[in-house]
Amino acid sequence: MAVRAVRGAVQLERDEAGHMDERVSALLTAVLERNRFVADDLISVWFTATPDLHSDFPAAAARGLGIVDVPLICAQELDITGAMPRVVRVLAHVETSLSKAEISHVYLGATGALRKDIAQ
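Residues numbered from 1 in each chain as written. Predicted model: local features only at pLDDT ≥ 70, side-chain atom pairs only at ≥ 80, totals over all residues. Heavy atoms only, no water.

### A few points about the nonpolar core
Considering soluble globular proteins, one finds that nonpolar side chains tend to be buried as a cluster. Counting residues in each nonpolar core, the largest one holds 30 residues, and the members touching the most others are L42, V45, F47 and V88. Secondary structure elements with two or more residues in this core: β1 (2–11), α1 (17–35), β2 (42–49), α2 (59–64) and β4 (87–96). For this core, the leading source of residues is α1, giving seven residues. (Core = buried A, V, L, I, M, F, W, Y, C linked by side-chain atoms within 4.5 Å. Buried < 20%, exposed > 50% of the residue type's maximum accessible area, 1.4 Å probe, protein only. Helix = DSSP H or I, 4+ residues; strand = E, 2+ residues; numbered from the N terminus.)

Structure below.
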């Protein structure tokens, strides 16, 4: 087994706690499913949110999915002029037998434009 990192992002339509939970849950579910990971494969997960998101912690969605014994942390994304608004990003560290090239990074919807080099 190796330690690998997987990236992802999702854009919210509005800053509401229920909507954030729904969209971040969809992102985490896609990251797990596309890579054939289970929660036990997770080592830690970093979430960032753009400065225009205030309604909830993105990590709350992970807890709602049953990811309860994995260290999670939330931080604010840099406030860059012209950056895509209402975006939650994730960086998850996992134990896996997948090679770096086999990892599926998940950018849902419009966020695919953020990392065209790795979005799948």
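### Here's the deal with the side chain of S25
Among the secondary structure elements, S25 is positioned in helix α1. On the accessibility criterion, S25 (13% relative accessible area) is buried. Setting aside residues no more than four positions away along its own chain, S25 makes contact with M20, A61 and L65. (Contact = heavy atoms within 4.5 Å.)

### Description of unusual backbone geometry
Located in the positive-phi region is R36, a residue other than glycine, with phi close to 60°. Positionally, R36 belongs in the loop between α1 and β2. When its relative accessible area of 64% is taken as the criterion, R36 is described as exposed. Non-glycine residue R86 carries a positive phi angle of around 55°.

### Looking at the side chain of N35
Relative to the elements of secondary structure, N35 occurs in helix α1. A distance of 2.9 Å separates the side chain of N35 from the backbone oxygen of V31, its partner in a polar contact. Ignoring any residue separated from it by four or fewer positions in sequence, one finds N35 in contact with V6, L98, E102, I103 and S104. (Polar contact = N/O pair within 3.5 Å; in protein donor to acceptor, adjacent residues only side chain to side chain.)

### Concerning the pairing of β4
The element β4 is largely enclosed, with a buried count of seven among its 10 residues. With 10 bridges joining them, β1 and β4 adopt antiparallel strand pairing. Bridge pairing in β4 places A5 opposite H93. Summarising the sheet, β2 and β4 pair through seven bridges and their orientation is antiparallel. Bridge assignment links W46 to a residue of β4, and that residue is L91. (Pairing = 2+ DSSP bridges.)

### Thoughts on the sheet that holds strand β5 (residues 106–107)
The strand order β3-β2-β4-β1-β5 describes an open sheet built from five strands, whose pairing is mixed. Where the open sheet ends on each side, the last strands, each with one partner, are β3 (72–76) and β5. Sheet analysis places β2 next to β3, joined by five bridges and oriented parallel. Along β3, the bridge assignment pairs V45 with L72. The strands touched by α1 are β1, β2, β4 and β5; relative to β1, the strand with the most contacts, the crossing angle is about 145°. (Axes fitted to C-alpha atoms, helices over the stretch in contact; angles between N-to-C directions.)

### A closer look at the pairing of β2
Most of β2 sits out of view: six of its eight residues are buried. Handedness of the crossover joining β2 and β3 through α2: right-handed. (Right-handed = clockwise from strand over helix to strand, strands pointing away.)

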